[in-house]
Amino acid sequence: MSAAAPSTSGPVIRLRGVTKTYRMGKDNIVQALRGADLDVYPGEFVALMGPSGSGKSTMMNILGCLDVPDSGSYVLAGEQVRQLNDDQLAAIRNRHIGFVFQTFNLLPRLNAIENVELPLVYGGSARGRTQRAKDALAAVGLGERMHHKPTELSGGQQQRVAIARALLNDPSIVLADEPTGNLDSRSSAEILSIFQRLNDLGKTVVMVTHEPDVAEHCKRIVRMRDGVVSGDELVPQPRRAEDELRNAGAGQSVDLHSGTITHVPAAAR
Amino acid sequence: MKIFDSFRSALQSIIVNKLRSALTMLGVIIGVASVIAMVAVGNGASIQVQQQVLSLGSNLVTVTAGNQNSDTGLRGAGVQSMNLTLDDMTAIQAQLGPTIGAVEAEQSAGRWQVTAAGQNWNSNIVGVTTGYPQVRDWGLATGDFFTDDDVRVYAQVAVLGSTTAANLFGDGVDPTGQTIQLRQVFGGGGGAGGAQRARIVNFKVVGMLDAKGTTFGFSRDDQILVPTTTAQRVLTGRTNSVNTIIVKAASSDEMANTTADVTDVLLQRHKISDPASADFTVTNQNDTLAALNQVTGTFTILLAAIGGISLLVGGIGIMNIMLVSVNERTREIGIRKAVGARRRDILTQFLIEAIGLTGIGGILGILLGWGITVVVKQIPAAANIPIAITAGTVAIAVGVSVAIGVVFGLYPAMRAARLHPIQALRYE
Ligand SMILES: Nc1ncnc2c1ncn2[C@@H]1O[C@H](COP(=O)(O)OP(=O)(O)OP(=O)(O)O)[C@@H](O)[C@H]1O
Ligand SMILES: [Mg+2]
């Protein structure tokens, strides 16, 4: 479980002058990104903030190789993304990036295990697939509800399934677009504690959020406005989500030394 | 994507939409079923026709009097037409003897009233020569066939068909050595007390033919064979002419040669130089079979075409439903792409789903087609048709079903594969 950064010195993500324009019809042209620059170094935990429509999701999609910039350069782990074809982008999404969405994006017909297995269906070795999915679910505290369908899970639980899915191929980068946007504060804290745990283990995390409370858990806050990066600051003393959960008397106990998160069933809602 | 995952996912989506899948498959099911049933029945019919033609004897070259290929009404005025005679047959025998299997000449003597052992029966009398058993591949159950000597002296001897014998003497009774009385009544008919004259001729039974069954709906076991000469002189009075001369070629491959040789011999004997104006017609059994096969083959193709059209319609139905399915599952496609599915993963998934629909439809169609043939066999008129669904037909049906899945599933699957991940994820 190491952050597979090719070099510890250079940035793992480097955006330079990235633009993205959406055309809806003849006259309706939206410049979602107007030359955004961003460097993210291995092991960082970045919060991406900014008003609605400022281009945060557009940037995340480009970072996650779900979309490509119109112009500018995106170098991911030393590789120029604009030169890659569809299948190469798919392989990067599969192996190197874990993406978590605000709306969870689980397949409704599949149960938790099957949803989590999905990245292994499209890459990696099929051996021990189900076991790996179960381990990943246990690691996010969902050991009990592995055979449930998404509709039978709470929002927080669904998001944890989505995180388990994002982590299955052990990516070095985890991208999350408003992962707590649809969740109450307690579920949000649980999700944040998982991300902090992952970051502690060396993974680079970039997370979009509107809530300053949430952003204070990150090590660095990048602000966007009108399609460009408008501010960049370090958080001197990031808050720890697990401390807050413990203080709140929640049913989460975190074993920092072994690096595993265990769920206490008695406290499960 | 592992092929197993594709199959599992395809099967799941077919099962989730049970009713829709069933309705979609219906076109393919009906198409495959009709092709299977029609081809089976068509093949069976053509096999039956072939068997019946061959049951009259194999490798036969038949000579009949008159030119059936030309307009005799115009030509007949100038050319003196000759009958076929026993001498023609003897000439063929003499000149072609070593190169042919056997030869015989037949002269029909019409229907006669037959009386024996107090029983009355009505039967067809045919004058034949001693080559008959060999030419017709027809052995005797009891007794012996009459001899060349019998033919020479127009002996009043007869060989009975098995049905005729059974009706006159009873089932399982050997008629050999018994005497039968042939009787033909002239004039009157239904007239009351009119001047009726009857001819009565006695024949000695020398043998009985093996039972052969029905050909083209007619029993071939109700007949009485007598020497051709006896039929000519004693029964019909038309001396020396015969209806047909039948030559059995040495082998199927020799039939064309034999046909040409027989034609040459007869043209020479009848002193005709232009084969087009021959006063006889030579038919080759191979040609007859080919003509019949062409008829049944055309019929089979026609039926298969109807099935093919319903398969086409079924295929369009598959395409339609796959397009709907791709549309409905746009978000799913987006999610799969987001976690790393490549174009070909999505393509195979939807292609296999389409192939799954047509494949299952094909298998159900084969079962339904088989069911139809079972029902057809219950129809009395079709009871004797050797209806058979061959492994080849099944293989073709499965192949065609899969091909339809590929052809009509490809476009929807390509549309799915080309979706942009973000646009697919944003789709409502
Ligand atoms: N697929 C699209 N088609 C057309 N316009 C789009 C598309 N995606 C985004 N936009 C537009 O681009 C701009 C930036 O959108 P984006 O989703 O990146 O904003 P955001 O910062 O994530 O906002 P929010 O905080 O509301 O999620 C907006 O004006 C949006 O309407
Ligand atoms: Mg957004």
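Below: a short report on this structure. (Residues numbered from 1 in each chain as written. Chains lettered and ligands numbered in written order. Predicted model: local features only at pLDDT ≥ 70, side-chain atom pairs only at ≥ 80, totals over all residues. Heavy atoms only, no water.)

### Thoughts on the packing of helix α5 (residues 155-167) of chain A against helix α6 (residues 185-200) of chain A
All names here are of chain A. Where α5 contacts α6, the two axes come as close as 9 Å, and the packing angle between them is 15°. Accordingly, the angle class assigned to the pair α5 and α6 is roughly parallel. Both α5 and α6 take part in a crossing whose hand is right-handed. On α6, the residues touching G156, Q159, R160, I163 and L167 of α5 are S187, E190, I191, I194, F195 and L198. Broken down by class, the residue content of the contact of α5 with α6 amounts to six nonpolar, three polar and two charged. (Axes fitted to C-alpha atoms, helices over the stretch in contact; angles between N-to-C directions. Helix = DSSP H or I, 4+ residues; strand = E, 2+ residues; numbered from the N terminus. Parallel < 35°, antiparallel > 145°, perpendicular 65-115°, else oblique. Left-handed = near helix turned anticlockwise from the far one by under 90°. Contact = heavy atoms within 4.5 Å. Nonpolar A, V, L, I, M, F, W, Y, C, P; charged D, E, K, R; others polar.)

### Observations concerning the pairing of strand β9 (residues 220-225) of chain A
Residue and element names in this part refer to chain A. With four bridges joining them, strand β3 (residues 45-49) and β9 adopt parallel strand pairing. By the bridge assignment for β9, M49 is matched with R223. Relative to strand β10 (residues 228-234), β9 is paired through six bridges, and the arrangement is antiparallel. Bridge pairing in β10 places R220 opposite L234. Between β9 and β10, which pair antiparallel one after the other, the connecting turn spans two residues, and D226 there sits at a positive phi close to 50°. (Pairing = 2+ DSSP bridges.)

### Details of α5(A)
All names here are of chain A. Over its 13 residues, α5 runs 18 Å from end to end, which matches the ideal 18 Å to within 8%, given 1.5 Å per residue. Counting buried positions along α5 yields 12 of 13 residues, so the element is predominantly enclosed. Along α5, the residues that are buried comprise G156, Q157, Q158, Q159, R160, V161, A162, I163, A164, R165, A166 and L167. (Expected span 1.5 Å × (residues − 1). Buried < 20%, exposed > 50% of the residue type's maximum accessible area, 1.4 Å probe, protein only.)

### A closer look at the environment of W112(B)
All names here are of chain B. Within the secondary structure layout, W112 lies in strand β3 (residues 100-116). Spatially, the C-alpha atoms of W112 and W370 are 47 Å apart, while their sequence positions differ by 258 residues. The residues touching W112, leaving out its near neighbours within four places in the chain, are W121, N122, S123, I125, L182, R183, Q184, R199 and L235. Of the polar contacts made by the side chain of W112, one reaches the backbone oxygen of A109; its length is 2.8 Å. (Polar contact = N/O pair within 3.5 Å; in protein donor to acceptor, adjacent residues only side chain to side chain.)

### Let's talk about unusual backbone geometry
Trans peptide bonds make up most of the peptide bonds, and negative phi angles are found at most residues other than glycine. Residue and element names in this part refer to chain A. Here C65, not a glycine, exhibits a phi torsion of approximately 60°, which is positive. Using a relative accessible area of 1% as the deciding quantity, one classes C65 as buried. Positive phi outside glycine occurs at D226, with the angle close to 50°. Relative to the helices and strands, D226 is located in the loop between β9 and β10.

### Quick notes on the interface of chain B and chain A
The interface is formed by 26 residues belonging to chain B together with 27 residues belonging to chain A. Summed over both sides, the interface between chain B and chain A buries roughly 2200 Å², with carbon and sulfur atoms accounting for 53% of that surface. Counting every contact that joins chain B to chain A gives three salt bridges. Residue R129(A) is joined to D5(B) by a salt bridge in which the shortest nitrogen-to-oxygen separation is 2.7 Å. Elements represented by at least two residues in the side of chain B that touches chain A include exactly α1 (3-16), α11 (330-338), α12 (343-378) and α14 (421-426) of chain B. Classifying every residue of the side of chain B that touches chain A by side-chain character gives nine nonpolar, five polar and 12 charged. (Buried area = accessible area lost by both parts, 1.4 Å probe. Salt bridge = Lys/Arg side-chain N within 4 Å of Asp/Glu carboxyl O.)

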